[in-house]
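# A look at the structure
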Amino acid sequence: HIININQKRRRSNINQSVLQENKNKHEIKKNTKTQKLKTQMSESESDEIIIGKVAERLSFFFSNANLRMDKFLRREVTNKANEGGFVTIDVLLRFNTIKNITEDPKLIAKAAKEVKQPLLKLKEDESAIGRVEPFTNDMMEDNVKVTLRVSNIPTKDTDSGPDYDVSREEMVDMFKEFGDVAMVRLLKSKLKGYTNKVAVNRAFVEFHSVEDMEKAVAELCTEDINDESLKPKKVLTVKGTELRVKTMQQWLDKKKTKRDGQSPKAQNNNKKEKSKKRANAEAEEEEMKAQIEAIQFKLDWKPGCVISVKGLPDNCDREMILAAVKSFMGDGEITVRADYSRGQKDGAVRFDEPNEKISSLALELKEGKITIGEEKVQSASVLEGEEEKKYYDDYIAFRTKQMRMHAEEKLKRKKRKTRQ
């Protein structure tokens, strides 16, 4: 009887242990699932934050306000040879303010879909981003109708002179209640007594749309800026200082009125001076056009220096190609370039000088002994004959066009200054 009782007790203890063990396993499995779910949610939330930050930068870079100022990006989106005005994500990843947020092209493509001002579009393969409404040269002067002139902005003393006591981000936050702010330019100028440009208490605040500008004007501006008895509906204050706000058009009109108030003799002298400047500018323009036509990129290329690489991996970039090349060639004094744009399937590796290792490198790439991004390329071969000549002809034509476009941009800037 005693033996039976002990056996029952042992069975009971074993059953309890098994039950507890199963319970522990269930809890561990449950906790693992919960932790995995939390990790997935955390990663999802992290991606959303990154996409939001990148969308804000894309909205700025592709805005009319920035394209008026940024000649490099403006050249990219207005280039007639660039159908659709697309800018490759590879190019955008050169911008530190984007690169510091993410280097993932897929997240940048997702961010482009979130931008509302201006509306953006993606290439079919999502390798490049462009504006739905093309930016044209006619838009260069459109900033007046969407820009406020803000003055009396507080400054602080620094070792290098007066600097603003408010950041661009804080200025954006103040004005965004009226709409989407495209750009804030805190103005600085070279004043007597200072070796560098210093704050001058003024800024331009530009909106994306006329509608948003009109909302701000209705609240912050008066109809007659010369009538001090008129007060705006709302006054913005920064660190105890009231800001004074007028439209850019009001500011320009006031400048014109002041200029027109000069004596007839002074006005006549100004007209003569302007006429003289205009004539000189026209002569310079004709000379510049002739110089532009004469521009020709020259390259004394040598045969056997270019490897054509086909079937590159989807995540490929120039750095990846160069890393693979240097792993074979070593870190000697060899100048090598990767002619490739992110998203393309084919590219080229170009050396400045012939090298006995070039053909060996092409062979090892072809056989998969050297990989790019741990992936074997489809083919690799040293260009020869007509293929090599065509490669260099295309490259020289591209660089020539690039140099001429840069010269034309300088000419356009001079013309705008002459009109002013």
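The structure reproduced in this document is the subject of the present report. (Residues numbered from 1 in each chain as written. Predicted model: local features only at pLDDT ≥ 70, side-chain atom pairs only at ≥ 80, totals over all residues. Heavy atoms only, no water.)

Another aspect to go through is the packing of helix α11 (residues 318-329) against helix α12 (residues 358-367). For the pair α11 and α12, the least separation of the axes is 11 Å and the interaxial angle reads 120 degrees. Judged on the interaxial angle alone, α12 and α11 are oblique. Considering how the two elements wind past one another, α11 and α12 form a crossing that is right-handed. Each of V325, F328 and M329 in α11 lies in contact with α12, whose residues at this interface are S360, L361 and E364. The class makeup of the residues in the contact of α11 with α12 is four nonpolar, one polar and one charged. (Axes fitted to C-alpha atoms, helices over the stretch in contact; angles between N-to-C directions. Helix = DSSP H or I, 4+ residues; strand = E, 2+ residues; numbered from the N terminus. Parallel < 35°, antiparallel > 145°, perpendicular 65-115°, else oblique. Left-handed = near helix turned anticlockwise from the far one by under 90°. Contact = heavy atoms within 4.5 Å. Nonpolar A, V, L, I, M, F, W, Y, C, P; charged D, E, K, R; others polar.)

Moving on: the sheet that holds strand β15 (residues 379-382). As summarised here, the arrangement of the four strands in space is β13-β14-β12-β15, forming an open sheet in which the pairing is antiparallel. With one partner strand each, in any of the chains shown, β13 (336-339) and β15 form the two edges of the open sheet. Going across the sheet, the axis of each strand differs from the next one's by a mean of 15 degrees, ignoring polarity. Of the pairings in the sheet, the one linking strand β12 (residues 306-310) to β15 comprises four bridges and is antiparallel in character. Bridged to K310 within β15 is S379. On top of the sheet, α11 reaches β13 and β14 (347-351); it is set at about 145 degrees to β13, its chief contact. Contacts from α12 reach β12, β14 and β15 within the one sheet, and its direction differs from that of β15 by about 165 degrees. (Pairing = 2+ DSSP bridges.)

Glancing now at the packing of aromatic side chains. By the definition in use, this model includes seven aromatic pairs. Each ring, one from F204 and one from W251, has its centre 5.5 Å from the other, and the planes form 65 degrees; the classification is edge-to-face. Taken together, the residues F204 in strand β8 (residues 198-207) and W251 in helix α9 (residues 248-260) connect sequence positions 47 residues apart. Taking the relative accessible area as the measure of exposure, F204 reaches 9% and is therefore buried. Judged by relative accessible area, which is 19%, W251 ranks as buried. Judged by centre distance (6.0 Å) and plane angle (85 degrees), the ring pair of F297 and Y395 falls under edge-to-face. Of this pair, F297 sits in the loop between α10 (264-294) and β12 while Y395 sits in helix α13 (residues 385-419), and the two are 98 residues apart along the sequence. (Phe/Tyr/Trp six-rings, centres within 6.5 Å; stacked < 30°, edge-to-face > 60°. Buried < 20%, exposed > 50% of the residue type's maximum accessible area, 1.4 Å probe, protein only.)

So, about helix α7 (residues 168-175). Listed as buried for α7 are M171, M174 and F175. Buried residues of α7, seen end-on, are gathered within an arc of 85 degrees and therefore sit on one face of the element. Next to the buried residues of α7 lie β4 (147-151), β7 (181-189), β8, α8 (210-220) and β9 (237-238). (Arc of directions from axis to C-beta.)

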